[in-house]
Amino acid sequence: MRTYTLHVPEGAVRGDVHALDRAQLVRDGFSSRAFAFTVLWFAWHRLWLAAFLVLAGLVGLRLAGEALGLPPAAGLIVTLLAGLLIGLEASSLRRWTYGRRGLPARDAVLAASQEEAEMKLAARWLDRDSAQRPVPSAARTAPRRDEETALGFFPAHEGAR
């Protein structure tokens with residue numbers, strides 16, 4: 001199961017069908033396409049500044065490797081490690097960019113595929129009643145004094161207090 005986040009325009013209210021037209025869905029986790037195609041992946045998702053910075057960073061790594069006299073195998077390892085970092089952080093950068101563009105994350109769901117996530121999120125977004133259901137507060141969900149556990153492992157004994 002993967003986590004997907006729904007990004008809708010700021011000020012949109014639950015039940016607004018037009019907000020779903022501009023909505024974006026972002027899968028959380030490692031992106032193998034971002035790992036393999038780095039700069040092209042960012043350009044495909046219209047993340048121009050990130051594409052430029054990644055390109056500049058990769059060229060800078062290459063030039064630094066040549067200036068330090070690293071063998072080609074070491075340069076390949078450094079490039080693969082940079083690609084691994086890009087693959088790990090690509091989804092987070094995409095979510096951050098959508099938030100800056102006025103599409104903040106408004107919901108998240110666990111799903112086996114993108115289609116399943118789209119169906120779940122659309123159903124939850126279009127369900128107006130879900131916006132009016134009370135959300136439990138931290139005070140109501142915190143354990144009471146008599147329910148606490150010692151170090152989180154064992155129930156506290158009455159005689160130990």
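Here the structure is shown first, and the text comes after it.
Residues numbered from 1 in each chain as written. Predicted model: local features only at pLDDT ≥ 70, side-chain atom pairs only at ≥ 80, totals over all residues. Heavy atoms only, no water.

## Brief notes about a nonpolar patch on the surface
On the surface, a cluster of nonpolar side chains totalling about 710 Å² of accessible area is made up of F30, F35, L76, I77, L80, L81, L84 and L88. Ranked by residue count, the leading element in the nonpolar patch is helix α4 (residues 72-100), at 6 residues. Tracing the sequence through the fold places L88 in helix α4. Judged by relative accessible area, which is 45%, L88 ranks as partly exposed. (Patch = residues over 30% accessible without salt bridge, like charges linked within 9 Å, V, L, I, M, F, W, Y side chains within 5 Å. Areas by Shrake-Rupley, 256 points an atom, 1.4 Å probe, with all protein chains shown as cover. Salt bridge = Lys/Arg side-chain N within 4 Å of Asp/Glu carboxyl O. Helix = DSSP H or I, 4+ residues; strand = E, 2+ residues; numbered from the N terminus. Buried < 20%, exposed > 50% of the residue type's maximum accessible area, 1.4 Å probe, protein only.)

## Details of helix α2 (residues 32-44)
For α2, which comprises 13 residues, the first-to-last C-alpha distance of 14 Å sits more than 12% below the rise-based estimate of 18 Å (1.5 Å per residue). Along its length, α2 shows its largest kink, about 120°, at T38. Of all the residues in α2, the buried ones are A34, T38, W41 and F42. The secondary structure elements touched by the buried residues of α2 are α3 (48-68) and α4. (Expected span 1.5 Å × (residues − 1). Bend = angle between axes of the 7 residues up to and from the residue. Contact = heavy atoms within 4.5 Å.)

## Here we look at the side chain of S31
Within the element layout of this structure, S31 appears in the loop between β2 (24-27) and α2. Given a relative accessible area of 9%, S31 falls into the buried group. Within the structure, the side chain of S31 is placed 3.2 Å from the backbone nitrogen of A34, a separation counted as a polar contact. Among residues more than four places away in sequence, those in contact with S31 are W41, G87 and A90. (Polar contact = N/O pair within 3.5 Å; in protein donor to acceptor, adjacent residues only side chain to side chain.)

## Here we look at the packing of aromatic side chains
For the structure shown, the criterion picks out 2 aromatic pairs. Plain terms: the ring middles of F30 and F35 are 6.0 Å apart, the flat faces sit at 45° to each other, and that makes the pair tilted. The class of F30 is partly exposed, set by a relative accessible area of 31%. Measuring from ring centre to ring centre gives 5.1 Å for W41 and F42, while their planes differ by 85°; the resulting arrangement is edge-to-face. (Phe/Tyr/Trp six-rings, centres within 6.5 Å; stacked < 30°, edge-to-face > 60°.)

## Comments concerning the environment of A90
Locating A90 in the fold gives a position in helix α4. When the C-alpha positions of A90 and T38 are compared, they lie 9.0 Å apart, and in sequence the two are 52 residues distant. Setting aside residues no more than four positions away along its own chain, A90 makes contact with S31, A34, W41 and F42.

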